[in-house]
Amino acid sequence: MPRNVLIAPSILSADFARLGEEVRAIDAAGCDWVHVDVMDGHFVPNITVGPQMVAAIRPHTRKVLDVHLMIAPADPYLEAFAKAGCDIITVHAEAGPHLDRSLQLIRSLGKKAGVSLTPQTPESAIEFVLDRLDLALVMSVNPGFGGQAFIPAMVEKIRRVRALIGRRPIHVEVDGGVTPDTAGPCAGAGADVLVAGSAVFKGGKYQENIAAIRAAAMGG
Ligand code: DX5
Ligand code: ZN
C-alpha cells in the first residue's frame, strides 16, 4: 500500500453556480488536489466545462489542479488548458491515434502529463509511453457521469498498472465510484491518488467525507 494517499475531489459534484466558493471549501476541508472533469458531448455523453472555467477557479486554490480531459480530439485544446493554469493534464488513451504526441505536447507546455484508461482498455495501452508519463488514471466507471457504481474488476487493473510502472515516479489515480468502501481495495492495489465526487460532496460535510475516504485508504 502506498505510504501517502492523495484525495482529489471532483468538482463535477459541486454546485456549479458557486464553483469558486466550492473550490475554497474543499481546499479548506483538506483535499490534496482539485480534480476537474472536462467533457465534450462527443467522447463522452455529457458536456461540462472548458478552459475558461479552469482559469476562473485557478485563483481560488493553490492546490494542484488536476484536469481530466474526456474530449476527442484533445490536442487542439491542450495549449488553452495549459494557459488556464492547470498543473496536470490527462488525456484518454482512446481519444486519439497519437497518444505519444499528445503527451509530448503536454510536457512541452510545462505541465505534468497523464493518460486515462476507460474500463475496457488494458493496461498495455501505456506500456510504450511510460517515459512520457507523470500519471496513469484508471477509470473505475464508464466516464461521463458522477455517482456511478465502482467496477470491481478495476482493482486488478490498478494492480497491473502499478506493476507495469515499477519504480518510475508515476502516480496511479483511480476515478469513479470511490467511497470509503472502495478506497481501501484501490489503495491496497497501488493507487496513490483517489478521485471522489459524490462521496466528498454528499451532505455538505466535506471535511468529514474527505477524512473518511483517507482513513479507509490508509487502512484505518
Ligand atoms: C466521471 C468523472 C469522475 C466523476 C467521479 O466521468 O471522471 O471524476 O466525477 O464521480 P463519483 O466519485 O461520483 O463517481
Ligand atoms: Zn475524472
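Quick note: structure is the one above.
Here the structure is a predicted model, which is why all the values come from computation and not from measurement. (Residues numbered from 1 in each chain as written. Chains lettered and ligands numbered in written order. Predicted model: local features only at pLDDT ≥ 70, side-chain atom pairs only at ≥ 80, totals over all residues. Heavy atoms only, no water.)

Focus on the environment of valine 200
Phase 1: Checked against the element boundaries, valine 200 lands in helix 7 (residues 198-201).
Phase 2: Spatially, the C-alpha atom of valine 200 lies 8.3 Å from that of serine 13, the residues being 187 residues apart in sequence.
Phase 3: Leave out the neighbours within four places in its chain, and valine 200 touches Pro9, Ile26, Lys205, Tyr206, Asn209, Ile210 and Ile213. (Helix = DSSP H or I, 4+ residues; strand = E, 2+ residues; numbered from the N terminus. Contact = heavy atoms within 4.5 Å.)

What to know about the environment of isoleucine 126
Phase 1: With respect to the helices and strands, isoleucine 126 occurs in the loop between strand 5 (112-117) and strand 6 (135-139).
Phase 2: The class for isoleucine 126 is buried, based on a relative accessible area of 0%.
Phase 3: Expressed as a C-alpha distance, the spacing of isoleucine 126 and isoleucine 165, which sit 39 residues apart in the sequence, is 9.3 Å. (Buried < 20%, exposed > 50% of the residue type's maximum accessible area, 1.4 Å probe, protein only.)

Focus: the packing of aromatic side chains
Phase 1: The tally for this structure, following the rule as stated, stands at one aromatic pair.
Phase 2: Measuring from ring centre to ring centre gives 4.9 Å for phenylalanine 201 and tyrosine 206, while their planes differ by 65°; the resulting arrangement is edge-to-face.
Phase 3: A residue is classified by how much of its surface remains accessible, and tyrosine 206, at 13% relative accessible area, is buried. (Phe/Tyr/Trp six-rings, centres within 6.5 Å; stacked < 30°, edge-to-face > 60°.)

Remarks on the side chain of histidine 68
Phase 1: Take histidine 68: it is sitting in strand 3 (residues 64-70).
Phase 2: Here aspartate 175 takes part through its side chain, which lies 3.1 Å from a polar atom of the side chain of histidine 68.
Phase 3: Among residues more than four places away in sequence, those in contact with histidine 68 are His35, Val36, Asp37, Val38, Thr90, His92, Ser116, Leu137, Met139 and Asp175. (Polar contact = N/O pair within 3.5 Å; in protein donor to acceptor, adjacent residues only side chain to side chain.)

Examining the coordination of the zinc ion (ligand 2)
Phase 1: Only His35 (NE2), Asp37 (OD), His68 (ND1) and Asp175 (OD) from the protein coordinate the zinc ion (ligand 2), and they sit 2.0 to 2.3 Å from it.
Phase 2: If you look at the zinc ion (ligand 2), its six donor atoms make angles of 67 to 167° with each other, and the shape they trace is octahedral.
Phase 3: All donors of the zinc ion (ligand 2) come from a single chain, and their spacing in sequence reads H-x1-D-x30-H-x106-D. Highlighted residues: histidine 68 in strand 3 and aspartate 175 in strand 7 (residues 171-175), separated in sequence by 107 residues. (Donors = N, O, S within 2.8 Å, 3.2 Å for Na, K, Ca; no water. Tetrahedral: all angles 85-135°; square planar, octahedral: opposite > 155°, others 65-115°.)

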